[in-house]
Amino acid sequence: MGLTSQSLEYTVIVLALLCVAATVWLWPRLARRGVGAVLGRLGAIVVTQVSIVCALALAVNTNFEFYGNWDELLGNTEEAPASVSQGGGQYASVGNLKGGLVQPAGPQGLDRVTGLPKGPADRVGKVESVKIVGRRSRAINPGFVYLPPQYFQQQFRRQRFPVMVVISGYPGGIMNLAQHLQVPQNAGRLIAQGKMQPTVIVMVRPTIAPPRDTECVDVPNGPQAETFFTKDLPDAMKSAYRVGRDPSAWGAFGYSSGGTCSLQLAMRNPKVYTSAVSLSGDYAIKDDLTTGSLFGPGSEGARREREHDLLWRLKNLPAPQISALVASSRKGEADYGDTMKFLRAAKSPMTVDSIILPQGSHQFTTWRREVVPALEWQSQQLTFPQDTEAVPQRKPGVAKGGAPGQRNTPSPAPSSTSDDKGHRRVEAERPRG
């Protein structure tokens, strides 16, 4: 059974309950004096406590995905290959990419998510559970990849699609993106309604070395998280999927720590990501107990940390040519003050829009209100179709095409208002009563 499988979780919980019941049942017999009785009581307590702790630890890991499989837990992680060869412009299904940079994985919790596409891929799209291999960073990260219906339709067979890299918070994992934010479900609905362009969405977690919080930073002599997100992940997606090569095809999107990463990645690497969405993200990265030392000691470490302060970058460095969307709440979110400073500090050629709720909190209740308009907004920043390629040979099991004459409908921009500083405010979806 997989480490995050539902069957393992239920099995361990049942065993813990049985241990508690057995301890209660046998306790009167163990109440006697003597070495055997004392050892029996100690054994019952230890077994019961261990079973309860294991059940709780498994439930927490399943929810937050600190470890995606047994190898990660035991430290038996494989090393990334030194090179990859996927030539000729031929794109197989992920299941056929043996030894590639994107490899098929087990469910990784995807089997517990409701509302995912069911039916022919050329009509409803598809979500794949994968492992993404970092050739440079030597990291192997779990991911989900959403492919829109158009990806499988005959009239789009030569088109390359834009990409959203959607990053979860920390601690957390890709399950939160599919289950709580319902990113692929919302994207599918918006694409079907013509409110979002056909887009490939790759869902990943922000850390590449769990349980350490790597914050999308290249740590000196440590995990190379920024390299993974700016070089390895784009290379992997381009090797396995029909996605755009130009930076205008790529956007970063995240909540909490994932939002922090998104802004960092776009502002520091505008030739990789030309747009970013940050829901309740921070504007500077600091060391704490979960990160350890991210920047190293001395003056060089101080320089690295300063360059990851986005307000400092806007004040002291030329603004990157990107578009950004930031979200916060006037009441209930600690980042509101810094969000307003960021909006005021933004300068040309960078553009910044905002979602500012009257009241919110740092949790999924707030982010669920923001995710739909944020997806619509980022879709408007990307271009589709990107470009074309030679017609690939049709692989077994891939649908021939969709309904004849179907066209991609341009997506209308989400409703927005402007404040007196000229920053647009994208209206969040109102809570459904």
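Residues numbered from 1 in each chain as written. Predicted model: local features only at pLDDT ≥ 70, side-chain atom pairs only at ≥ 80, totals over all residues. Heavy atoms only, no water.

Enquirer: Explanation requested: the nonpolar core in the structure shown.
Expert: Membership of the largest hydrophobic core comes to 55 residues, with the highest contact counts inside it found for Val165, Phe229, Leu233, Tyr241 and Phe342. Looking at this core element by element, the count peaks at seven residues for helix α7 (residues 225–240). Other than its neighbours up to four places away in sequence, Phe229 contacts Val165, Ile167, Val204, Arg205, Pro206, Ile208, Cys216, Pro234, Leu265 and Tyr273. Ranked by size, the runner-up nonpolar core spans 36 residues in total, among them Met164, Met175, Leu190 and Ile355. (Core = buried A, V, L, I, M, F, W, Y, C linked by side-chain atoms within 4.5 Å. Buried < 20%, exposed > 50% of the residue type's maximum accessible area, 1.4 Å probe, protein only. Helix = DSSP H or I, 4+ residues; strand = E, 2+ residues; numbered from the N terminus. Contact = heavy atoms within 4.5 Å.)

Enquirer: Just checking my understanding: could you explain the packing of aromatic side chains for this structure?
Expert: How two aromatic rings sit relative to each other is set out by the distance from centre to centre and by the angle between their planes. Inspection of every chain in the model, using the stated rule, returns 11 aromatic pairs. Taking 4.7 Å as the distance between ring centres and 40° as the angle between the ring planes, the aromatic pair formed by Tyr255 and Trp367 counts as tilted. Within this pair, whereas Tyr255 is found in strand β6 (residues 250–255), its partner Trp367 is found in helix α12 (residues 364–381), the two being separated by 112 residues in sequence. Residue classification places Trp367 among the buried residues on the basis of a relative accessible area of 4%. Arranged with centres 5.2 Å apart and planes meeting at 90°, the rings of Phe364 and Trp367 form a pair that is edge-to-face. You can see Phe364 and its partner Trp367 sitting in helix α12, three residues apart, about one turn around the helix. The class for Phe364 is buried, based on a relative accessible area of 18%. Each residue in the set Tyr151, Phe152, Phe156, Phe161 and Phe384 is aromatic and connected to the rest through ring pairs, giving one cluster. We note Arg242 situated over the ring of Tyr151; from NZ or CZ to the ring centre the distance is 4.3 Å. (Phe/Tyr/Trp six-rings, centres within 6.5 Å; stacked < 30°, edge-to-face > 60°. Lys NZ or Arg CZ within 6 Å of the ring centre and 35° of its normal.)

Enquirer: Before we go on, may I ask you to explain the state of the cysteines in this structure?
Expert: Covalent bonding between the sulfur atoms of two cysteines defines a disulfide. Scanning all chains against the criterion turns up one disulfide. In this model, Cys216 is linked to Cys261 through a disulfide, with the two sulfur atoms separated by 2.1 Å. The sign of the 105° torsion about the S-S bond sets the Cys216-Cys261 disulfide as right-handed. In this pair, Cys216 is assigned in the loop between β5 (200–204) and α7 and Cys261 in helix α8 (residues 257–268), connecting sequence segments 45 residues apart. The residues Cys216 and Cys261 share a single accessibility class, namely buried. Here Cys19 is not cross-linked by a disulfide; its sulfur's nearest cysteine counterpart is in Cys54, at 9.8 Å. Cys19 gets classed as partly exposed once you look at its relative accessible area, which sits at 21%. (Disulfide = S-S within 2.5 Å.)

Enquirer: Could you clarify how one ought to interpret the environment of Val371 in this entry?
Expert: Mapping Val371 onto the fold places it in helix α12. Remark: the alpha-carbon pair of Val371 and Val183, spanning 188 residues in sequence, is separated by 7.7 Å.

Enquirer: Looking at this structure, how should I read the confidence of the model for the protein chain?
Expert: Atomic detail in the predicted coordinates should be set aside for any region of low pLDDT. With 79% of its residues at a pLDDT of 70 or more, the protein chain has an overall mean of 83. Mean pLDDT per element in the protein chain: strand β10 (residues 416–418) is the minimum at 46, and strand β4 (residues 163–167) is the maximum at 98. Note on residues 77–97: pLDDT is under 50 here. Beyond four places in sequence and across chains, it has 45 contacts. Here residues 394–422 scores under 50 on pLDDT; set against residues more than four positions off or in separate chains, the count is 54 contacts. (pLDDT = per-residue confidence, 0-100.)

Enquirer: Honestly, a nonpolar patch on the surface in this entry has me stumped. Any pointers?
Expert: A surface patch of nonpolar side chains, amounting to about 330 Å² of accessible area, comprises Val20, Val24, Ile52 and Leu56. The set of elements that each furnish at least two residues to the nonpolar patch consists of α1 (6–26) and α2 (35–64). Mapping Val20 onto the fold places it in helix α1. Take Val20: its relative accessible area is 33%, and that puts it in the partly exposed class. (Patch = residues over 30% accessible without salt bridge, like charges linked within 9 Å, V, L, I, M, F, W, Y side chains within 5 Å. Areas by Shrake-Rupley, 256 points an atom, 1.4 Å probe, with all protein chains shown as cover. Salt bridge = Lys/Arg side-chain N within 4 Å of Asp/Glu carboxyl O.)

Enquirer: What should I look at first to understand the environment of Pro349 in this one?
Expert: Mapped onto the fold, Pro349 is located in the loop between α11 (336–345) and β9 (351–359). For the pair Pro349 and Ser323, spaced 26 residues apart in sequence, the C-alpha to C-alpha distance is 8.8 Å.

Enquirer: Help me out: how do you make sense of α11 in this one?
Expert: Since the α-helix turns once every 3.6 residues, residues separated by three or four places project in the same direction. What α11 keeps buried is the set Thr339, Met340, Phe342 and Leu343. Projected onto a plane normal to the axis of α11, the buried residues spread over an arc of 155° and lie on a single side. (Arc of directions from axis to C-beta.)

Enquirer: Mind showing me how you'd approach the environment of His180 here?
Expert: Here His180 is to be found in the loop between α5 (174–179) and α6 (183–192). Note: C-alpha distance between His180 and Trp367 (187 residues apart in sequence) is 9.3 Å.

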